[in-house]
Amino acid sequence: MLIEKTLKEALADYIKGKPVTVLWTKEDGSMDVRLLSDILEQEENHFLVNVPAYHNPEFAQAVAEMVDQKRIDDCNREVAPEEITEKDGSTPPSQSRIQK
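A quick note: this is a predicted structure, and the numbers were derived from the prediction, not measured.

**With respect to the layout of surface pockets**
Empty space among the atoms can be located by rolling a probe the size of a water molecule over them. Looking at the largest pocket, its volume works out to about 540 Å³. As for the largest pocket, its lining consists of 17 residues, of which Ile 3, Glu 4, Lys 5, Val 20 and Thr 21 are closest to the centre. Of all elements in the fold, only helix H1 (7–15) and strand S1 (21–25) reach the threshold of two or more residues within the lining of the largest pocket. Among the elements that make up the lining of the largest pocket, the one with the highest residue count is H1 (four residues). Class assignment of the residues belonging to the lining of the largest pocket gives a composition of twelve nonpolar, one polar and four charged.

**Concerning the confidence of the model for the chain**
Mean pLDDT over the chain: 83, with 75% of residues reaching 70 or higher. Per-element confidence in the chain is highest for H1, whose mean pLDDT is 96, and lowest for helix H4 (residues 95–99), whose mean pLDDT is 53.

**Focus on the pattern of salt bridges**
Going through the model one piece at a time under the given rule, you end up with two salt bridges. The shortest N-O distance in the salt bridge between Lys 5 and Asp 13 comes to 2.6 Å. The class for Lys 5 is partly exposed, based on a relative accessible area of 38%. Residue class for Asp 13 comes out buried when judged on its relative accessible area of 10%. Look at the salt bridges and you will find they share partners, linking Lys 5, Asp 13 and Lys 18 into a network.

What counts, and at which threshold
- Each chain carries its own residue numbering, running from 1 in the direction its sequence is written.
- Per-residue local features of the predicted model are confined to residues with pLDDT of at least 70, and side-chain atom pairs are confined, for both listing and counting, to 80 or more; whole-chain, interface and lining totals are unaffected and use all residues.
- Calculated side-chain values reflect all of the structure's heavy atoms, with hydrogen atoms and water omitted.
- Two kinds of site are reported from a 1 Å grid over the protein atoms alone, namely cavities, where a 1.4 Å probe fits but cannot get out, and pockets, open sets with protein on both sides within 12 Å along at least five of seven lines, and residues are called lining when an atom falls within 4 Å of a point.
- Grid points are joined across faces, edges and corners, and a volume is the space filled by probe spheres set on the points.
- For helices the rule is a DSSP run of H or I covering at least 4 residues; for strands it is a run of E covering at least 2, with both sets numbered from the N terminus onward.
- All residues other than Ala, Val, Leu, Ile, Met, Phe, Trp, Tyr, Cys, Pro, Asp, Glu, Lys and Arg, Gly among them, are scored as polar; the first ten of these are nonpolar and the last four charged.
- For every residue, the predictor reports its confidence as pLDDT, a number between 0 and 100.
- In the sections that follow, a salt bridge refers to a side-chain nitrogen of Lys or Arg positioned within 4 Å of a carboxyl oxygen of Asp or Glu.
- Here the term buried applies to any residue with accessible area under 20% of the maximum for its type, exposed to any over 50%, and partly exposed to those in between, with areas from a 1.4 Å probe on protein chains only.

Structure (structure tokens):
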């Protein structure tokens, strides 16, 4: 015998290993029936749960060190002449062309 239960009750029964049948009305007005296990236990399903962020001070410190190192590396990097541009985005004339 089947009886109607709330979603929470049905999920609790499903977790306990009881078969749960799902009945729903489709867009065309017809009704469909399936076992909840057939719906949930498909390999292509991925269940994502929103969890509160966990503050990890070691991770925060590591990120801060990487950012600081990147700034130092950027400041120490030599800029090749072909990478130099004017404020308007144009490339300045090469020294060989200026001397001619």
